[in-house]
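Architecture at a glance
Chain by chain, the residues run as shown.
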Amino acid sequence: MTPGIAYATLAYVAWGLFPLYFRQVAAVPAFEVVLHRTLWSLVFVLALLAVRRQWAWMRALWGQPRVLGAFALSALLLAVNWLTYVWAVNNGHVVDASLGYFILPLVNVALGYGFLRERPRRGQWLAVAVAAAGVLWLTVQAGRLPWIALVLALSFGFYGLLRKVAVLGALEGLTLETVLLAPLTLAVLGAWTWQGQGALVQSDATTLGWLALAGPVTAVPLLLFAAGARRIPLATMGILQYISPSLQFALGVWLFHEAFDPARLAGFALIWAALVVYTLEGWHARRSSLPA
């Protein structure tokens, strides 16, 4: 499991630092940023496939409509997640977005239990219960339905489930997802360019450079995530997930100076405590399994 944990950890650290990137393209509308993420991610993964000469898998796909349908659904979930997240970051809701990724581990555990028959140990359930108490407290403190958080958690939770059971590897799966999103992406960007609108004709070279960088910035963490998801249980993915929202929370409060009610700190403290409980439980379980 060690390589899977390493891949997932790197992915979550990268996602935790995403607000730093999206603030560089804040002048571009969220929907257009998502289109560029799709376009440049496709360019990036096709370049990787070309270097590796890894094309044979594509020919077999056209006789597998169920596989294409599953990846069409995962591509849609990914697009919804991207759009919601970019809009949240660029409209001063980084802390709300971080709440969504604090909820996500609970969604992962529930999906693993309900769909994959994963059975967490008692200590792991305790960690989930502590985290759930923290999320409930944060929701009550917000005083309203946290729609940003719920959309982010549910969309990426089901995306992770689909990628875990997918028949394609990390690179092939991401390529197929971006290929399926490409027709809409190219049509919209092409129409805007033809009309003299959009970032491709109106933005300066610096902004265009940041948008092109969306390819590797988007693709590399997703490849790491998919590689990790295929190697470790969803419950473990769920706990490692806390790395990302913790970093996002820190950026939102201390770097971007978003308003934060001190009463909400208790909820975040419970969630961080859950991570400690889960880590200690896993360490104890590994020690107990070693031969005397």
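Summarised in this report is the structure supplied together with it. (Residues numbered from 1 in each chain as written. Predicted model: local features only at pLDDT ≥ 70, side-chain atom pairs only at ≥ 80, totals over all residues. Heavy atoms only, no water.)

Applying the stated criterion across every chain yields a total of 3 cavities of 30 Å³ or more. Together, 16 residues line the largest cavity, and Trp15, Phe18, Asn81, Tyr101 and Phe156 are the ones closest to its centre. Of all the elements, helix H5 (residues 65-90) adds the most residues to the lining of the largest cavity, at 4 residues. The class makeup of the residues in the lining of the largest cavity is 10 nonpolar, 5 polar and 1 charged. (1 Å grid on protein atoms, 1.4 Å probe; cavity = no way out; pocket = protein on both sides within 12 Å on 5 of 7 lines; lining within 4 Å. Points joined across faces, edges and corners; volume = space filled by probe spheres on them. Helix = DSSP H or I, 4+ residues; strand = E, 2+ residues; numbered from the N terminus. Nonpolar A, V, L, I, M, F, W, Y, C, P; charged D, E, K, R; others polar.)

Taken as a whole, this structure holds 1 salt bridge when the rule is applied. The partner of Glu177 in a salt bridge is Arg163, with the nearest N and O atoms 3.5 Å apart. Taken together, the residues span a long stretch of sequence, with Glu177 in helix H9 (residues 170-194) and Arg163 in helix H8 (residues 147-164) at a distance of 14 residues. This pair shows no difference in class: Glu177 is buried, exactly as Arg163 is. (Salt bridge = Lys/Arg side-chain N within 4 Å of Asp/Glu carboxyl O. Buried < 20%, exposed > 50% of the residue type's maximum accessible area, 1.4 Å probe, protein only.)

So, about the layout of surface pockets. One number sums up the size of the second largest pocket: a volume of about 180 Å³. What lines the second largest pocket is Phe31, Val34, Leu35, Thr38, Leu76, Ala79, Val80, Leu83, Leu180, Leu181, Leu184 and Thr185. Secondary structure elements with two or more residues in the lining of the second largest pocket: helix H3 (30-52), H5 and H9. Taken together, the residues of the lining of the second largest pocket break down into 10 nonpolar, 2 polar and no charged.

Throughout the structure, instances matching the rule amount to 16 aromatic pairs. For the ring pair Tyr12 and Phe225, a centre distance of 6.3 Å and an interplane angle of 70° mean the geometry is edge-to-face. Placement of Tyr12 in helix H1 (residues 2-16) and of Phe225 in helix H12 (residues 214-229) is noted, with a sequence separation of 213 residues between them. Like Phe225, Tyr12 is buried. Feature note: the residues Phe18, Tyr21, Phe22, Tyr85, Tyr101 and Trp210 constitute an aromatic cluster, connected by ring pairs. The aromatic ring of Trp82 is capped on one face by Arg37, whose charged end is 4.4 Å from the ring centroid. Over the ring of Tyr113 we find Arg119; its NZ or CZ atom is 4.2 Å from the centre of that ring. (Phe/Tyr/Trp six-rings, centres within 6.5 Å; stacked < 30°, edge-to-face > 60°. Lys NZ or Arg CZ within 6 Å of the ring centre and 35° of its normal.)

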